[in-house]
Amino acid sequence: MEGVKSSDHIRRTVERILQEFGILSNDTAFVTDNGSNVVAAFKDYVRLSCAGHNINLILKHVFDHLDEDNPVHSNIIKLFKDTKTLVTHFKRAGLQKALDQSLKQSVETRWNTRLAMLQSVNDALRSGRLHDILLRRNELRYLNNIDCELLEDIIQLLKPFDEATRHLSTDQTPTLHLVLPTKATLLRGLSIQDGDSVIVKELKGKLAQAVEMKFKVHLYHKVATALSPSLRSFLRKTLNGQEYEEVISTLTALTETSGTEERVRGLVEKEDPPPEQGATEVHNFFASCVEEEERKEDSGDMESHGRQLVLQYMNDTKLTRFQCLLDFWREMSGGLVPVAKRLLAIPATSTPSERSFSVAGRLIEERRSTLNPENVDALLFLHSNI
């Protein structure tokens with residue numbers, strides 16, 4: 001019952017806040033973690049799992065459930081324990097200032113800090129400073145137990161997860177369309193390669209299984225991917241026929257209810273526009289998901305106007321010439337534009353809101369405890385939009 005009360009409290013609080021801003025509706029989409037009380041709180045709304053939390057859950061699931069009695073797993077457990085002991089020693093002994101860059105400690109509540117810890121130790125080892133400091137102090141025992149080869153192998157395995165988190169956590173560009181390609185890119189990077197060690201093969205298998213199981217992909221993620229010109233072909237090849245038709249049908253329904261549907265008469269105001277110079281729509285991290293357009297479908301006369309509009313967009317190969325997704329939709333006209341504005345405004349992670357909580361914590365400190373709530377809102381708004 002406590003869980004039910006907690007979920008009711010969460011829902012009522014969020015609804016009250018959104019009503020204050022006049023943005024609560026049945027179509028409101030919420031991006032949250034996978035806590036049972038949060039899932040229950042938003043069961044009547046569209047709820048998307050935070051992709052950043054999903055990645056964190058994948059890594060925790062794999063590395064927190066290694067079997068110490070398994071000789072392969074025990075080497076990994078020992079590496080994390082030894083590096084953590086080394087970092088702790090440097091912090092307690094006040095040796096951080098002797099390094100060019102300080103060692104980072106892993107923190108359970110912060111995403112990807114395991115990688116930050118391993119990377120900082122590896123960088124210090126490569127520079128030689130770590131060895132020299134411990135040698136002068138006759139404390140090389142802190143280094144002798146660290147398997148440097150395994151250290152580099154695990155860093156290379158974890159780097160794609162860190163890069164994926166950074167791409168999905170930005171708050172200046174759309175990110176929802178990158179969730180499905182992120183899952184595909186991570187799985188592709190976890191395929192077994194010739195030359196992989198026994199430990200690397202074991203970790204890749206466990207990580208791939210966890211990605212399949214814990215990286216949640218919602219219909220809205222798929223529809224958002226369809227709204228990226230560079231990723232439409234990837235979507236067709238990734239989804240089966242039923243899933244792809246569900247995306248087309250959803251786009252059609254959203255277009256026809258947007259109230260701005262136009263008859264099919266061309267999607268772009270300027271014919272054959274020049275390529276944009278600036279930020280690319282899809283980062284190199286997702287390059288393997290960008291493919292040449294191959295298939296075209298004829299939108300028959302019997303189709304609804306909304307479906308014709310969607311199919312024309314999905315099969316227009318000229319649209320891939322646009323570089324920036326925001327610029328692309330600024331240049332577009334027709335019924336898909338409000339759909340794109342609605343869906344691509346949804347973030348892939350809850351990171352932006354968590355950043356706001358951090359800013360609020362620094363803003364409302366002891367000397368500002370009587371700050372007017374309206375002023376707090378205004379300051380946070382300015383910080384987020386300056």
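Report follows, based on the coordinates. (Residues numbered from 1 in each chain as written. Predicted model: local features only at pLDDT ≥ 70, side-chain atom pairs only at ≥ 80, totals over all residues. Heavy atoms only, no water.)

For the coordinates displayed, the defined rule picks out 12 salt bridges. In this structure, Glu 245 engages Arg 307 in a salt bridge whose closest nitrogen and oxygen atoms are separated by 3.0 Å. Within this pair, whereas Glu 245 is found in helix H13 (residues 241–256), its partner Arg 307 is found in helix H14 (residues 305–315), the two being separated by 62 residues in sequence. With relative accessibility at 34%, the residue Glu 245 sits in the partly exposed group. It is possible to trace a salt-bridge network through shared partners that takes in Lys 60, Asp 64 and Arg 114. (Salt bridge = Lys/Arg side-chain N within 4 Å of Asp/Glu carboxyl O. Helix = DSSP H or I, 4+ residues; strand = E, 2+ residues; numbered from the N terminus. Buried < 20%, exposed > 50% of the residue type's maximum accessible area, 1.4 Å probe, protein only.)

Time to look at the layout of surface pockets. Considered as a void within the structure, the largest pocket measures approximately 2100 Å³ in volume. Looking at the largest pocket, it is lined by 44 residues, and the ones nearest its centre are Pro 352, Ser 353, Glu 354, Ser 356 and Phe 357. Elements supplying a minimum of two residues to the lining of the largest pocket: helix H1 (2–20), strand S1 (29–32), helix H17 (351–363) and helix H18 (373–385). Considering only residue class, the lining of the largest pocket consists of 23 nonpolar, 14 polar and 7 charged. (1 Å grid on protein atoms, 1.4 Å probe; cavity = no way out; pocket = protein on both sides within 12 Å on 5 of 7 lines; lining within 4 Å. Points joined across faces, edges and corners; volume = space filled by probe spheres on them. Nonpolar A, V, L, I, M, F, W, Y, C, P; charged D, E, K, R; others polar.)

Here the focus is helix H6 (residues 129–136). Buried within H6 we find Leu 130, Ile 133 and Leu 134. Viewed along the axis of H6, the buried residues span an arc of 90 degrees, placing them on a single side of the element. Those residues of H6 that are buried lie in contact with helix H4 (71–92), helix H5 (113–127) and helix H7 (141–144). At the C-terminal side of H6, Asn 138 shows a positive phi close to 55 degrees. (Arc of directions from axis to C-beta. Contact = heavy atoms within 4.5 Å.)

Turning our eyes to something else, we now look at the packing of H5 against helix H8 (residues 148–168). It is at 9 Å that the axes of H5 and H8 come closest, and there the two elements cross at 135 degrees. With respect to each other, H5 and H8 are oriented oblique. For the element pair H5 and H8, the recorded crossing hand is left-handed. Together, Leu 115, Leu 118, Gln 119, Val 121, Asn 122, Leu 125 and Arg 126 of H5 and Cys 148, Leu 151, Glu 152, Ile 154, Ile 155, Leu 158, Lys 159 and Asp 162 of H8 make up the contact between the two elements. In terms of residue class, the contact of H5 with H8 is made up of 9 nonpolar, 2 polar and 4 charged. (Axes fitted to C-alpha atoms, helices over the stretch in contact; angles between N-to-C directions. Parallel < 35°, antiparallel > 145°, perpendicular 65-115°, else oblique. Left-handed = near helix turned anticlockwise from the far one by under 90°.)

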